[in-house]
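Summary of the model geometry
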Amino acid sequence: DAGITQSPRHKVTETGTPVTLRCHQTENHRYMYWYRQDPGHGLRLIHYSYGVKDTDKGEVSDGYSVSRSKTEDFLLTLESATSSQTSVYFCAISGGPQKGEKLFFGSGTQLSVL
Amino acid sequence: AQTVTQSQPEMSVQEAETVTLSCTYDTSESDYYLFWYKQPPSRQMILVIRQEAYKQQNATENRFSVNFQKAAKSFSLKISDSQLGDAAMYFCAYRSAGTASKLTFGTGTRLQVTL
(Lines give C-alpha, C1' and ligand atoms only; values in the text may rest on other atoms or scores of the structure.)
Protein backbone atom coordinates (compact mmCIF):
# COMPACT_ATOMS: atom_id res chain seq x y z
CA ASP A 1 0.00 0.00 0.00
CA ALA A 2 1.12 3.53 -0.77
CA GLY A 3 2.26 5.47 2.30
CA ILE A 4 -0.48 8.05 2.69
CA THR A 5 -1.77 9.23 6.03
CA GLN A 6 -4.72 11.52 6.49
CA SER A 7 -5.45 13.26 9.77
CA PRO A 8 -7.78 13.44 11.48
CA ARG A 9 -9.90 10.43 10.48
CA HIS A 10 -13.03 12.01 11.85
CA LYS A 11 -13.88 15.57 12.82
CA VAL A 12 -16.99 17.34 14.02
CA THR A 13 -16.97 21.11 13.97
CA GLU A 14 -19.32 24.06 14.09
CA THR A 15 -20.34 26.38 11.28
CA GLY A 16 -17.97 29.30 10.93
CA THR A 17 -14.90 27.68 12.47
CA PRO A 18 -11.67 27.10 10.55
CA VAL A 19 -10.66 23.51 9.84
CA THR A 20 -7.41 22.08 8.49
CA LEU A 21 -7.03 18.57 7.16
CA ARG A 22 -3.59 17.09 6.68
CA CYS A 23 -2.27 14.65 4.13
CA HIS A 24 1.17 13.14 4.62
CA GLN A 25 2.96 10.87 2.14
CA THR A 26 6.14 8.85 2.38
CA GLU A 27 6.36 8.00 -1.34
CA ASN A 28 8.08 11.21 -2.47
CA HIS A 29 5.44 11.58 -5.19
CA ARG A 30 5.23 14.90 -6.96
CA TYR A 31 1.47 15.16 -7.36
CA MET A 32 -1.04 15.43 -4.55
CA TYR A 33 -4.79 15.93 -4.70
CA TRP A 34 -7.74 16.66 -2.44
CA TYR A 35 -11.13 15.18 -3.36
CA ARG A 36 -14.47 15.24 -1.63
CA GLN A 37 -16.99 12.41 -1.84
CA ASP A 38 -20.71 13.02 -1.63
CA PRO A 39 -23.62 10.68 -2.40
CA GLY A 40 -24.74 10.99 -6.00
CA HIS A 41 -21.61 12.90 -7.01
CA GLY A 42 -18.80 10.40 -6.79
CA LEU A 43 -15.48 12.06 -6.02
CA ARG A 44 -14.83 15.62 -7.07
CA LEU A 45 -11.50 17.42 -7.18
CA ILE A 46 -11.05 20.36 -4.81
CA HIS A 47 -7.41 21.36 -5.28
CA TYR A 48 -4.23 19.70 -6.43
CA SER A 49 -0.49 20.26 -6.25
CA TYR A 50 2.20 19.50 -8.81
CA GLY A 51 5.13 20.41 -6.61
CA VAL A 52 6.18 22.31 -3.51
CA LYS A 53 4.31 25.61 -3.43
CA ASP A 54 2.69 24.78 -6.80
CA THR A 55 -1.05 24.34 -6.47
CA ASP A 56 -4.13 24.81 -8.61
CA LYS A 57 -7.92 24.71 -8.30
CA GLY A 58 -10.17 21.80 -9.09
CA GLU A 59 -13.86 21.82 -9.95
CA VAL A 60 -15.18 22.52 -6.42
CA SER A 61 -12.56 24.83 -4.92
CA ASP A 62 -14.80 27.58 -3.52
CA GLY A 63 -14.44 27.83 0.26
CA TYR A 64 -11.20 25.83 0.33
CA SER A 65 -7.53 26.71 0.27
CA VAL A 66 -4.43 24.51 0.22
CA SER A 67 -0.76 24.72 0.99
CA ARG A 68 2.24 22.56 0.24
CA SER A 69 5.44 23.70 1.89
CA LYS A 70 7.09 20.27 1.75
CA THR A 71 6.90 17.41 -0.73
CA GLU A 72 5.36 15.11 1.85
CA ASP A 73 2.60 17.36 3.23
CA PHE A 74 -0.51 18.79 1.58
CA LEU A 75 -2.91 20.75 3.77
CA LEU A 76 -6.55 21.52 3.03
CA THR A 77 -8.11 24.43 4.91
CA LEU A 78 -11.72 25.41 5.25
CA GLU A 79 -11.45 29.03 6.33
CA SER A 80 -15.00 29.18 7.67
CA ALA A 81 -16.72 25.81 7.59
CA THR A 82 -20.30 25.55 6.31
CA SER A 83 -22.80 22.69 6.50
CA SER A 84 -22.41 22.14 2.73
CA GLN A 85 -18.82 21.13 3.40
CA THR A 86 -19.91 18.11 5.41
CA SER A 87 -18.33 15.34 3.37
CA VAL A 88 -15.69 12.65 3.21
CA TYR A 89 -12.37 14.10 2.11
CA PHE A 90 -9.77 12.02 0.34
CA CYS A 91 -6.17 12.81 -0.31
CA ALA A 92 -4.49 11.13 -3.27
CA ILE A 93 -0.97 11.00 -4.64
CA SER A 94 0.57 10.20 -7.98
CA GLY A 95 4.03 9.85 -9.37
CA GLY A 96 2.85 11.18 -12.71
CA PRO A 97 3.57 9.73 -16.14
CA GLN A 98 6.83 8.15 -14.98
CA LYS A 99 4.91 6.08 -12.47
CA GLY A 100 2.17 4.93 -14.84
CA GLU A 101 -0.33 7.60 -13.88
CA LYS A 102 -1.70 5.54 -11.01
CA LEU A 103 -3.44 7.42 -8.25
CA PHE A 104 -3.27 6.15 -4.68
CA PHE A 105 -5.71 7.27 -2.03
CA GLY A 106 -5.58 7.83 1.69
CA SER A 107 -8.22 6.42 4.02
CA GLY A 108 -10.34 9.56 4.03
CA THR A 109 -11.50 12.07 6.63
CA GLN A 110 -15.15 12.23 7.63
CA LEU A 111 -15.95 15.88 8.34
CA SER A 112 -19.25 16.93 9.87
CA VAL A 113 -20.10 20.64 10.09
CA LEU A 114 -22.97 21.31 12.49
CA ALA B 1 -14.44 19.08 -19.87
CA GLN B 2 -14.51 15.36 -19.57
CA THR B 3 -17.50 13.58 -18.10
CA VAL B 4 -17.90 10.04 -16.86
CA THR B 5 -21.29 8.36 -16.65
CA GLN B 6 -22.24 5.25 -14.71
CA SER B 7 -25.88 4.57 -15.47
CA GLN B 8 -26.37 1.72 -13.02
CA PRO B 9 -26.67 3.02 -9.45
CA GLU B 10 -27.01 -0.52 -8.09
CA MET B 11 -26.33 -4.02 -9.36
CA SER B 12 -26.71 -7.45 -7.83
CA VAL B 13 -24.97 -10.72 -8.67
CA GLN B 14 -25.02 -14.20 -7.20
CA GLU B 15 -21.87 -15.66 -5.82
CA ALA B 16 -19.77 -17.40 -8.51
CA GLU B 17 -21.66 -15.65 -11.31
CA THR B 18 -20.42 -12.95 -13.67
CA VAL B 19 -21.50 -9.33 -13.64
CA THR B 20 -20.70 -6.38 -15.90
CA LEU B 21 -20.66 -2.78 -14.73
CA SER B 22 -21.10 -0.09 -17.36
CA CYS B 23 -19.23 3.15 -17.85
CA THR B 24 -19.24 5.68 -20.64
CA TYR B 25 -17.19 8.82 -20.95
CA ASP B 26 -16.99 11.90 -23.07
CA THR B 27 -13.73 13.43 -24.23
CA SER B 28 -12.14 15.06 -27.22
CA GLU B 29 -8.68 13.81 -26.28
CA SER B 30 -6.94 10.86 -27.84
CA ASP B 31 -4.45 10.01 -25.09
CA TYR B 32 -5.85 9.18 -21.68
CA TYR B 33 -6.24 6.55 -18.99
CA LEU B 34 -9.30 4.84 -17.61
CA PHE B 35 -9.63 3.25 -14.20
CA TRP B 36 -11.98 1.23 -12.08
CA TYR B 37 -11.78 1.79 -8.34
CA LYS B 38 -13.44 -0.30 -5.67
CA GLN B 39 -14.64 1.21 -2.40
CA PRO B 40 -15.67 -1.35 0.22
CA PRO B 41 -17.43 -0.32 3.46
CA SER B 42 -14.01 0.45 4.93
CA ARG B 43 -14.06 3.54 2.68
CA GLN B 44 -10.63 2.76 1.23
CA MET B 45 -10.31 3.47 -2.50
CA ILE B 46 -8.69 0.46 -4.15
CA LEU B 47 -7.44 0.47 -7.72
CA VAL B 48 -8.96 -2.52 -9.50
CA ILE B 49 -7.79 -2.11 -13.06
CA ARG B 50 -6.29 0.44 -15.41
CA GLN B 51 -6.51 0.86 -19.18
CA GLU B 52 -4.32 2.99 -21.40
CA ALA B 53 -6.27 4.44 -24.30
CA TYR B 54 -3.57 3.79 -26.88
CA LYS B 55 -3.57 0.07 -26.08
CA GLN B 56 -6.19 -1.88 -27.98
CA GLN B 57 -5.83 -4.93 -25.78
CA ASN B 58 -8.30 -5.03 -22.91
CA ALA B 59 -6.73 -4.97 -19.46
CA THR B 60 -7.15 -7.98 -17.18
CA GLU B 61 -6.39 -8.49 -13.50
CA ASN B 62 -7.27 -11.97 -12.28
CA ARG B 63 -11.10 -12.13 -12.15
CA PHE B 64 -11.48 -8.54 -13.33
CA SER B 65 -11.40 -7.55 -16.98
CA VAL B 66 -12.54 -4.61 -19.03
CA ASN B 67 -14.22 -4.17 -22.37
CA PHE B 68 -12.71 -0.99 -23.76
CA GLN B 69 -14.44 0.38 -26.84
CA LYS B 70 -12.59 3.58 -27.70
CA ALA B 71 -14.77 4.65 -30.61
CA ALA B 72 -17.91 4.17 -28.53
CA LYS B 73 -16.24 5.74 -25.47
CA SER B 74 -17.26 2.80 -23.37
CA PHE B 75 -15.31 1.13 -20.57
CA SER B 76 -17.17 -1.68 -18.81
CA LEU B 77 -15.87 -3.85 -15.98
CA LYS B 78 -16.52 -7.57 -15.91
CA ILE B 79 -16.19 -9.46 -12.66
CA SER B 80 -16.04 -13.22 -13.08
CA ASP B 81 -16.67 -15.82 -10.37
CA SER B 82 -18.06 -13.14 -8.06
CA GLN B 83 -17.17 -13.41 -4.41
CA LEU B 84 -18.76 -11.94 -1.29
CA GLY B 85 -15.72 -9.73 -0.90
CA ASP B 86 -16.50 -8.07 -4.23
CA ALA B 87 -19.47 -6.30 -2.67
CA ALA B 88 -18.59 -2.61 -2.78
CA MET B 89 -19.07 0.67 -4.55
CA TYR B 90 -17.31 0.73 -7.91
CA PHE B 91 -16.19 3.95 -9.52
CA CYS B 92 -15.15 4.47 -13.10
CA ALA B 93 -12.63 7.26 -13.63
CA TYR B 94 -10.96 9.11 -16.49
CA ARG B 95 -7.61 10.84 -16.54
CA SER B 96 -5.92 12.77 -19.30
CA ALA B 97 -2.38 11.76 -20.10
CA GLY B 98 0.10 14.39 -19.09
CA THR B 99 1.51 16.16 -16.10
CA ALA B 100 -0.72 17.16 -13.21
CA SER B 101 -3.71 15.60 -14.90
CA LYS B 102 -6.71 15.08 -12.72
CA LEU B 103 -9.09 12.18 -12.26
CA THR B 104 -12.75 12.62 -13.19
CA PHE B 105 -15.06 10.13 -11.53
CA GLY B 106 -18.44 8.70 -12.31
CA THR B 107 -21.12 8.61 -9.63
CA GLY B 108 -20.53 4.97 -8.81
CA THR B 109 -22.32 1.62 -8.94
CA ARG B 110 -23.09 -0.24 -5.75
CA LEU B 111 -22.57 -3.97 -6.25
CA GLN B 112 -24.33 -6.46 -4.02
CA VAL B 113 -23.23 -10.08 -3.98
CA THR B 114 -25.79 -12.64 -2.83
CA LEU B 115 -25.46 -16.28 -1.84
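Residues numbered from 1 in each chain as written. Chains lettered and ligands numbered in written order. Predicted model: local features only at pLDDT ≥ 70, side-chain atom pairs only at ≥ 80, totals over all residues. Heavy atoms only, no water.

Before going further, it helps to examine the overall build of chain A. Along its length, chain A carries 0 helices and 11 strands. Going from the N terminus to the C terminus, chain A shows its helices and strands as β-β-β-β-β-β-β-β-β-β-β. Computed over its C-alpha atoms, the radius of gyration of chain A comes to 13 Å, within 12% of the 13 Å expected for a compact globule of 114 residues. Overall, the C-alpha framework of chain A stretches about 40 × 30 × 25 Å when taken along its three principal axes. Counting every position in chain A, which comprises 114 residues, the buried fraction comes to 50%. Look at the contacts in chain A between residues 6 or more apart in sequence, and 55% of them connect residues 24 or more apart. Carbon and sulfur atoms provide 46% of the accessible area of chain A, an area that totals close to 5,200 Å². Across chain A, the 12 positively charged side chains and the 12 negatively charged ones have centroids separated by 3 Å. (Helix = DSSP H or I, 4+ residues; strand = E, 2+ residues; numbered from the N terminus. Rg over C-alpha atoms; globule rule 2.2 N^0.38 Å. Buried < 20%, exposed > 50% of the residue type's maximum accessible area, 1.4 Å probe, protein only. Contact = heavy atoms within 4.5 Å. Areas by Shrake-Rupley, 256 points an atom, 1.4 Å probe, with all protein chains shown as cover. Lys, Arg positive; Asp, Glu negative; His and termini not counted. Charge placed at Lys NZ, Arg CZ, Asp CG, Glu CD.)

Contacts between chain B and chain A engage 22 residues on the former and 27 residues on the latter. Of the roughly 2,000 Å² buried between chain B and chain A on both sides combined, carbon and sulfur atoms contribute 54%. Seen at the junction of chain B and chain A, the total is 10 residue pairs in polar contact (both at pLDDT 80 or more). Broken down by secondary-structure element, the contributors of at least two residues to the side of chain B that touches chain A are β5 (32–39), β6 (46–52), β10 (88–96) and β11 (103–105) of chain B. Sort the elements by how many residues they give to the side of chain B that touches chain A and β5 of chain B lands first, with 4 residues. In the side of chain B that touches chain A, the residues fall into 10 nonpolar, 8 polar and 4 charged. (Buried area = accessible area lost by both parts, 1.4 Å probe. Polar contact = N/O pair within 3.5 Å; in protein donor to acceptor, adjacent residues only side chain to side chain. Nonpolar A, V, L, I, M, F, W, Y, C, P; charged D, E, K, R; others polar.)

Residues and elements named next belong to chain A. Burial along strand β1 (residues 4–7) is one-sided: the residues I4 and Q6 are buried and none of T5 and S7 is. For β1 and strand β3 (residues 19–25), the ladder comprises 4 bridges, and the chain directions are antiparallel. By the bridge assignment, I4 is partnered in β3 with Q25. (Pairing = 2+ DSSP bridges.)

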